[in-house]
Amino acid sequence: LLQVRKLCDEFNVLLIADEIATGFGRTGELFACDHANITPDILCIGKALTGGYMTMGATLTTQRLSEGISHDGGVFMHGPTFMGNPLASSVAL
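First, a word on what this report is: a plain description of the structure on this page. (Residues numbered from 1 in each chain as written. Predicted model: local features only at pLDDT ≥ 70, side-chain atom pairs only at ≥ 80, totals over all residues. Heavy atoms only, no water.)

1. Describing the pattern of salt bridges
Where we set the bar: Within this document, salt bridges are pairs made up of a side-chain nitrogen of Lys or Arg and a carboxyl oxygen of Asp or Glu, the two lying within 4 Å of each other. Secondary structure is summarised from DSSP: a helix means a run of H or I of at least four residues, a strand means a run of E of at least two, and numbering begins at the N terminus for each. Type-normalised accessible area, obtained with a 1.4 Å probe on protein chains alone, sets the label of each residue: buried when under 20%, exposed when over 50%, and partly exposed for intermediate values.
As enumerated under the stated definition, the model contains two salt bridges in all. Salt-bridge contacts for Asp9 lead to Arg5; the nearest nitrogen and oxygen are separated by 2.8 Å. Residue Asp9 and its partner Arg5 are located together in helix H1 (residues 2–10), separated by four residues, close to a single helical turn. For Asp9, a relative accessible area of 51% translates into the label exposed.

Right under this line is the structure:
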């Protein structure tokens, strides 16, 4: 993963990590990326956000990417399966 991060930085390519099945301690660290001490540009998380009580997904970005998307009023509509579910959002909090 560290080498992939370096290549993405070298060629200005976004690194996207799908931690939906591996995140929240399933690999011994909070996220599998933590084992390699890297930070992806986009991080997809889910399942464990609500402790398994409700379906919930989220997509996180770095500050730089977030500012680039929202600079001219843009919104990152990532469209996970369970986006905008008010009950799941309440459970996740």
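2. Some words on the sheet that holds strand S1 (residues 16–18)
Put simply, the rule is: Each pair of strands is called paired provided DSSP finds at least two bridges between the two strands. For helices, the fitted axis covers only the stretch in contact; all axes are lines through C-alpha atoms, and the angles between them, taken along N-to-C directions, range from 0 to 180 degrees.
A sheet is described by the order of its strands in space; here three strands give the open sequence S1-S2-S3, paired in mixed fashion. The open sheet has two edge strands with one neighbour each: S1 and strand S3 (57–61). For this sheet, the mean angle separating the axes of adjacent strands, direction not counted, is 15°. Two strands pair when backbone bridges link them, and S1 and strand S2 (residues 42–46) are joined in this way by three bridges, in the parallel orientation. Each residue of the ladder has a partner; that of Ile16, found in S2, is Ile42.

3. Brief notes about the nonpolar core
Counted only if it meets this: Throughout this description, the term nonpolar core refers to a set of buried Ala, Val, Leu, Ile, Met, Phe, Trp, Tyr and Cys residues connected via side-chain atoms within 4.5 Å. Note on contacts: a residue pair qualifies if any of its non-hydrogen atoms lie within 4.5 Å across the two residues.
Counting nine residues, the largest nonpolar core is built from Cys8, Leu15, Ala17, Phe31, Cys33, Ile38, Leu43, Ile45 and Ala58. Aside from chain neighbours lying at most four places away, what touches Ile45 is Glu19, Ile20, Phe24, Phe31, Gly57, Ala58 and Leu60.

4. Some remarks on the side chain of Glu19
The cut-off we apply is this: When charges are counted, Lys and Arg are positive and Asp and Glu negative, with His and the chain ends excluded. Polar contacts, as used here, are pairs of N or O atoms within 3.5 Å; protein pairs need one atom able to donate a hydrogen and one able to accept it. Residues neighboring in sequence count only if both atoms are side-chain atoms.
Topologically, Glu19 is positioned in the loop between S1 and helix H2 (33–36). For Glu19, which is buried and forms no salt bridge, the nearest opposite charge comes from Arg26, at a distance of 7.8 Å. At 2.9 Å, the side chain of Glu19 forms a polar contact with the backbone nitrogen of Cys33. When neighbours within four sequence positions are excluded, Glu19 is seen to be in contact with Phe31, Ala32, Cys33, Leu43, Cys44 and Ile45.

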